[in-house]
Amino acid sequence: MTFALTCLRSGFILFLSFLVLAVSAQSDNTVAIGERISINSEVLGEERFLWIHTPMGMAENSEIPVVYLLDGSAHFQSVSALVDYMAGNDLCPPMIVVGIENTDRSRDLSPTKADTTHPYSAGGRFATAGGGPAFMKFIETELFPYIESNYPTAPYRMFIGHSLGGLTTMDALLHYTDLFDAFISIDPSMWWSDQSLLKELEAQNKKGMYKGKSMYLGIANTLSRGTSIESAKADTSMDSGHIRAIIATDEFFKAHPENDLKYGSKYYPQEDHGSVPLITEYDAFRFIFDFYRFYPSEFNDSTLENFIVHNKVVSKNMGYDVTPSEVMINGMGYGYLQEEKFELAETAFLLNVKNYPKSGNVYDSLGDYYSAVGKNEKAIESFQKALDIEEAAHTREKLESLKNPE
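The structure presented is a predicted model; accordingly, all values stated were derived computationally and were not measured.

Participant: So what exactly am I meant to see when it comes to helix α2 (residues 72–88) here?
Facilitator: Residue pairs three or four apart in sequence face the same way in an α-helix, which turns once every 3.6 residues. End to end, α2 covers 23 Å across 17 residues, agreeing with the expected 24 Å (1.5 Å per residue, within 8%). In the structure, α2 departs most strongly from a straight axis at Ser 78, where the bend amounts to approximately 25°. For α2, the complete set of buried residues consists of Gly 72, His 75, Phe 76, Val 79, Ser 80, Leu 82, Val 83, Met 86, Ala 87 and Gly 88. A positive backbone phi angle near 60° is found at Asp 90, which sits one or two residues after α2.

Participant: So what exactly am I meant to see when it comes to the side chain of Ser 185 here?
Facilitator: Mapped onto the fold, Ser 185 is located in strand β6 (residues 182–186). For Ser 185, the contacting residues outside a window of four places in its chain are Gly 161, Gly 166, Thr 169, Met 170, Met 215, Tyr 216, Leu 217 and Gly 218.

Participant: Mind showing me how you'd approach the sheet that holds strand β3 (residues 64–69) here?
Facilitator: Each strand in a sheet pairs with another by means of backbone hydrogen bonds, the pair being arranged parallel or else antiparallel. Spatial strand order, β1-β2-β4-β3-β5-β6-β7-β8: eight strands in an open sheet with mixed pairing. Each end of this open sheet is capped by a strand with a single partner; those strands are β1 (35–41) and β8 (262–268). Averaged over all neighbouring strand pairs, the angle between strand axes comes to 20°, with direction disregarded. Summarising the sheet, strand β2 (residues 46–53) and strand β4 (residues 96–100) pair through four bridges and their orientation is antiparallel. Looking across to β4, one finds that Ile 52 is bridged to Val 98.

Participant: Sorry if this is basic, but what is going on with the side chain of Glu 271 here?
Facilitator: Within the secondary structure, Glu 271 sits in the loop between β8 and α9 (276–288). Among the polar contacts listed, one links the side chain of Glu 271 to the side chain of Ser 275, at a separation of 2.7 Å. Residues in contact with Glu 271, not counting those within four places in the same chain, are Ala 220, Asn 221, Val 276 and Ile 279.

Participant: Looking at this model, I keep getting lost on unusual backbone geometry. Mind explaining?
Facilitator: Glycine aside, the phi torsion of most residues is negative, and most peptide linkages are trans. Despite not being glycine, Ser 163 shows a phi value in the positive range, around 65°. With respect to the element layout, Ser 163 can be found in the loop between β5 (153–162) and α5 (164–175). For Ser 163, a relative accessible area of 13% translates into the label buried. Notably, Gln 195 is not glycine yet its phi reads approximately 55°, a positive angle.

Participant: Would you take a moment to explain the nonpolar core for this structure?
Facilitator: Nonpolar side chains tend toward joint burial in soluble globular proteins. Grouped together as the largest cluster of nonpolar side chains are 56 residues, with contacts concentrated most on Ile 139, Leu 143 and Phe 180. Sort the elements by how many residues they give to this core and helix α4 (residues 132–150) lands first, with seven residues. In contact with Leu 143, other than residues within four places in its own chain, are Ile 39, Leu 50, Tyr 68, Val 98, Ile 100 and Phe 138. Counting 33 residues, the second largest nonpolar core, distinct from the first, contains Leu 82, Val 97, Tyr 156 and Tyr 268.

Participant: Can you walk me through the environment of His 118 in this structure?
Facilitator: Among the structural elements, His 118 can be located in the loop between α3 (105–108) and α4. For His 118 and Ser 193, which are 75 residues apart along the polypeptide, the C-alpha to C-alpha distance reads 8.4 Å. Among all residues touching His 118, those that are not within four sequence positions of it are Trp 191 and Met 238.

Participant: Where do I start with the packing of helix α14 (residues 376–389) against helix α15 (residues 393–403) in this structure?
Facilitator: Relative orientation and spacing of two packed helices are given, respectively, by the angle between their axes and the distance between those axes. Two numbers describe how α14 lies on α15: the axes approach to 9 Å, and their chain directions differ by 150°. As far as their axial angle goes, α15 and α14 are roughly antiparallel. For the pair α14 and α15, the crossing hand works out as left-handed. Contacts between α14 and α15 involve Asn 376, Ala 379, Ile 380, Phe 383, Gln 384, Ala 386 and Leu 387 on the former and, on the latter, Thr 395, Arg 396, Lys 398, Leu 399, Leu 402 and Lys 403.

Participant: I'm lost on the packing of aromatic side chains in this one. Help?
Facilitator: Here the distance between the centres and the angle between the planes together describe a pair of aromatic rings. Applying the stated rule across the entire model yields 21 aromatic pairs. Relative to Phe 307, the ring of Phe 294 has its centre 5.1 Å away and its plane inclined at 65°; by these criteria the two rings are edge-to-face. With Phe 294 in the loop between α9 and α10 (303–318) and Phe 307 in helix α10, this residue pair connects regions lying 13 residues apart in the sequence. When its relative accessible area of 7% is taken as the criterion, Phe 294 is described as buried. On the basis of relative accessibility, which here comes to 4%, the residue Phe 307 falls in the buried class. Looking at Arg 48, its charged tip hangs above the ring of Phe 138, at a distance of 5.7 Å from the centre. One cation-aromatic arrangement involves Lys 385 over Tyr 363; the distance from NZ or CZ to the ring centre is 5.7 Å.

Cut-offs and rules
- Residues numbered from 1 in each chain as written.
- Predicted model: local features only at pLDDT ≥ 70, side-chain atom pairs only at ≥ 80, totals over all residues.
- Heavy atoms only, no water.
- Helix = DSSP H or I, 4+ residues; strand = E, 2+ residues; numbered from the N terminus.
- Expected span 1.5 Å × (residues − 1).
- Bend = angle between axes of the 7 residues up to and from the residue.
- Buried < 20%, exposed > 50% of the residue type's maximum accessible area, 1.4 Å probe, protein only.
- Contact = heavy atoms within 4.5 Å.
- Pairing = 2+ DSSP bridges.
- Axes fitted to C-alpha atoms, helices over the stretch in contact; angles between N-to-C directions.
- Polar contact = N/O pair within 3.5 Å; in protein donor to acceptor, adjacent residues only side chain to side chain.
- Core = buried A, V, L, I, M, F, W, Y, C linked by side-chain atoms within 4.5 Å.
- Parallel < 35°, antiparallel > 145°, perpendicular 65-115°, else oblique.
- Left-handed = near helix turned anticlockwise from the far one by under 90°.
- Phe/Tyr/Trp six-rings, centres within 6.5 Å; stacked < 30°, edge-to-face > 60°.
- Lys NZ or Arg CZ within 6 Å of the ring centre and 35° of its normal.

Take a look at the structure:
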């Protein structure tokens, strides 16, 4: 695929961002962020609706991590857009987003029955609470198999929840640790059942129990006017119960690095309970995927080799062999081609062909290389291979130009 390659040495990352945007453009005039589907749950005895977003421009043989998102209908659009934006800027991997729509939120997002004497439970607000274990069984035995049999998933899962959903992600960290690799808990309801989950976390904490896991905690400002964090910690009233329980949870994790949890948190004094999710999710992704971004100071003969080494670091952190990015390698190939470093360009383009044999774009790019070095027969072969995979006007034009020179 041909692109303008001006100022590549000083603007390599900007160029790559342009590539991502270019290959992600949809072919018609619709802008679809995802699809809403339903599956039947025997565990829960009901139909469950899912909101599913898949990244555009992914090769068929790609393995894609999955974000499982609670309160799906509320957060699906923002999280899907955030993931695409961050992946497009090489801040995290492209990810599938699975938003789980609620039926009975209080039932599913509570690990235990509610304390009916608690003021928050007034009016039977949590009368159906305590369905968390069944909900997690649905996720493990029905939702995971469905997603993993219908989408090109990688063995990496993230779990995101807000409020009661944040309580559920904390519960998953403790009781369903192996189901997810990363957890984002947003202003969680750690006050639930007299902070029983925090007490369990403290009681069961042991060395290395969260090795390989990541958790990010976002804390909203739910303090009463004129109240400080320090004064809230000493308070015993219901007014500060929500934030007081979260602060205690944060202090627990910070005080116990021996459990090997990669833990980060932030208090957002300008955000309330409703506004805190988006900024928390951005910061959480930056924290969890701090190893992901490849940002060379300059583009030179070692950039391709350095990227391959970097990709091994990414693979180690992700827990599986990550295929080097088609877009990144493609950009390097064109960079070397512009600088007439033909051997390096060929290495890059052939690596993409090896890694993404079902992508028409990699053969189109290889054809551009062969055309540039005067190997027209090989160029024709590569362009034809690209068209056999996917018809593209620009590839067809280049093929016809080589077959019928003026």
